[in-house]
Amino acid sequence: MEKKNKAFRKPIKVLRSFCQRSLEIMVGHLSLIAIYIKAVGTTWLKALAFAIVTRKKYSDLSSHPLLSTMPHECVPFLEVDIVNKKRTNQTAEVPLLATHIPYNSLPKSIITGGCKIVYIFRDPKDAFVSLWHFASKVTPEDATHTSLEEALELFCKGVSYYGPYWDHVLSFWKAGKEAPQRVLFLVYEEMRKDPLPSVKNLADFIGHPFSAEEESEGVLQKILDLCSFENLSNLDVNKKGKHRPESAVAIENSAYFRKGKIGDWRSHLTPEMAERLDQITREKFGGTDMLSYVSDANTHGN
Ligand SMILES: Nc1ncnc2c1ncn2[C@@H]1O[C@H](COP(=O)(O)OS(=O)(=O)O)[C@@H](OP(=O)(O)O)[C@H]1O
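Note that the structure is predicted; figures quoted are calculated from it, not measured. (Residues numbered from 1 in each chain as written. Predicted model: local features only at pLDDT ≥ 70, side-chain atom pairs only at ≥ 80, totals over all residues. Heavy atoms only, no water.)

Novice: How do you make sense of the pattern of salt bridges when you look at a structure like this?
Specialist: Tallying each qualifying case throughout the model produces 13 salt bridges. Its salt-bridge partner being Arg-192, residue Glu-230 comes within 3.5 Å of it at the nearest N-O pair. Residue Glu-230 is found in helix 14 (residues 229–233), and its partner Arg-192 is found in helix 10 (residues 188–193); the two are separated by 38 residues along the sequence. Take Glu-230: its relative accessible area is 45%, and that puts it in the partly exposed class. Arg-192 sits in the partly exposed class, given a relative accessible area of 24%. (Salt bridge = Lys/Arg side-chain N within 4 Å of Asp/Glu carboxyl O. Helix = DSSP H or I, 4+ residues; strand = E, 2+ residues; numbered from the N terminus. Buried < 20%, exposed > 50% of the residue type's maximum accessible area, 1.4 Å probe, protein only.)

Novice: Before we go on, may I ask you to explain the site of the ligand in this structure?
Specialist: Looking at the ligand, there are 23 residues lining it, with Thr-42, Thr-43, Ser-130, Lys-259 and Gly-260 nearest. Here an oxygen atom of the ligand sits 2.5 Å away from a polar atom, N or O, in the side chain of Thr-43. Looking at the shell around the ligand, the elements that each hand over two or more residues are helix 2 (42–53), helix 7 (124–138), helix 10 and helix 14. Considering every element that reaches the shell around the ligand, the biggest residue donor is helix 2, with three residues. (Near = heavy atom within 4 Å. Polar contact = N/O pair within 3.5 Å; in protein donor to acceptor, adjacent residues only side chain to side chain.)

Novice: What is the right way to read the confidence of the model for the protein from this model?
Specialist: When pLDDT is low, close inspection of the predicted coordinates is not appropriate. Per-residue confidence for the protein gives a mean pLDDT of 85; residues scoring 70 or more make up 83%. Confidence over residues 1–5 falls short of pLDDT 50; this stretch has one contact with residues more than four positions distant or in other chains. Contacts of residues 7–25 to residues separated by more than four positions or lying in other chains number six contacts, the stretch itself having pLDDT below 50. Among the scores for the predicted complex, ipTM is 0.98 and pTM is 0.88. (pLDDT = per-residue confidence, 0-100. Contact = heavy atoms within 4.5 Å.)

Novice: Would you take a moment to explain the packing of helix 2 against helix 11 (residues 195–205) for this structure?
Specialist: The relative placement of two packed helices comes down to the angle between their axes together with the axis-to-axis distance. Between helix 2 and helix 11, the least distance of the axes is 10 Å, while the angle of their chain directions is 55°. In terms of axis orientation, helix 2 runs oblique to helix 11. Pair helix 2 / helix 11 crosses with right-handed handedness. Counted together, Trp-44, Leu-45, Leu-48, Ala-49 and Ile-52 of helix 2 and Pro-195, Val-199, Leu-202 and Ala-203 of helix 11 form the full contact between these two elements. By residue class, the composition of the contact of helix 2 with helix 11 is nine nonpolar, no polar and no charged. (Axes fitted to C-alpha atoms, helices over the stretch in contact; angles between N-to-C directions. Parallel < 35°, antiparallel > 145°, perpendicular 65-115°, else oblique. Left-handed = near helix turned anticlockwise from the far one by under 90°. Nonpolar A, V, L, I, M, F, W, Y, C, P; charged D, E, K, R; others polar.)

Put into structure tokens, the structure is as follows:
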């Protein structure tokens with residue numbers, strides 16, 4: 001028996017190293033869009049990255065896939081779509097994947113294999129409010145709905161699928177500071193105010209820079225318009241369609257497009273609730289440049 005095991009060991013070792021090598025070759029040309037669970041601008045970032053890398057193929061914007069396919073169908077999630085083997089050939093044509101996994105738990109090959117990582121961050125108050133609306137919308141009618149107060153309690157305690165929001169953000173922020181050539185850190189609020197510089201930066205970072213000719217022909221601006229909240233949220237596919245329609249947890253596409261507004265938390269959170277979130281933000285993000293993007297976090301408290 002022992003002899004037999006030994007005979008098998010060598011081919012298994014060769015196979016394992018072959019798989020590891022193939023994965024590394026694959027991740028070398030991949031860009032990974034990394035996000036917390038929800039509510040930070042993933043749908044927008046997926047649309048932009050997809051439109052950037054496929055712009056030569058879909059130069060005729062009148063028949064662009066984003067007009068008839070919701071962005072989450074264009075860029076699969078590693079731990080949902082790829083693990084379920086629904087889109088294994090996606091990476092050859094569109095070298096983009098998305099993930100919710102925190103930086104320190106990413107597969108080693110992603111960290112060491114030359115994969116570019118793009119992270120998007122949003123003010124925790126708006127992220128929380130957006131997340132709560134999304135969760136309320138996708139909770140079945142007959143299930144118990146979580147109140148805003150209960151949800152805040154859980155969010156502040158870090159009780160969520162991929163861990164506390166602040167720690168998730170910090171893991172990628174630190175990685176970006178250590179290796180800016182590998183991790184790009186985007187800010188939803190900055191992009192909402194003026195998307196052009198961030199989107200140009202995104203295209204450079206993922207290896208699909210806009211040429212001067214493309215810029216003068218307005219290609220970048222056309223992509224911004226195509227992926228804008230106003231355009232995407234008004235498309236039939238995003239008003240009436242469903243995401244993963246074949247699955248038991250099919251979600252209305254409209255749930256991914258609510259207001260897209262900076263500071264909408266002011267209409268939902270009491271000053272005490274906002275201060276509770278800001279206090280954690282100050283504790284966790286103190287000494288980082290992220291604090292400057294969080295409205296009021298610097299002005300409340302001490
Ligand atoms: N194109 C575009 N531009 C700007 N903002 C957009 C866009 N698409 C979606 N949104 C807003 O992003 C919020 C949803 O975040 P996510 O896309 O990360 O959610 S999800 O993970 O896909 O569920 C959610 O924010 P709130 O409106 O504040 O809830 C969406 O409205």
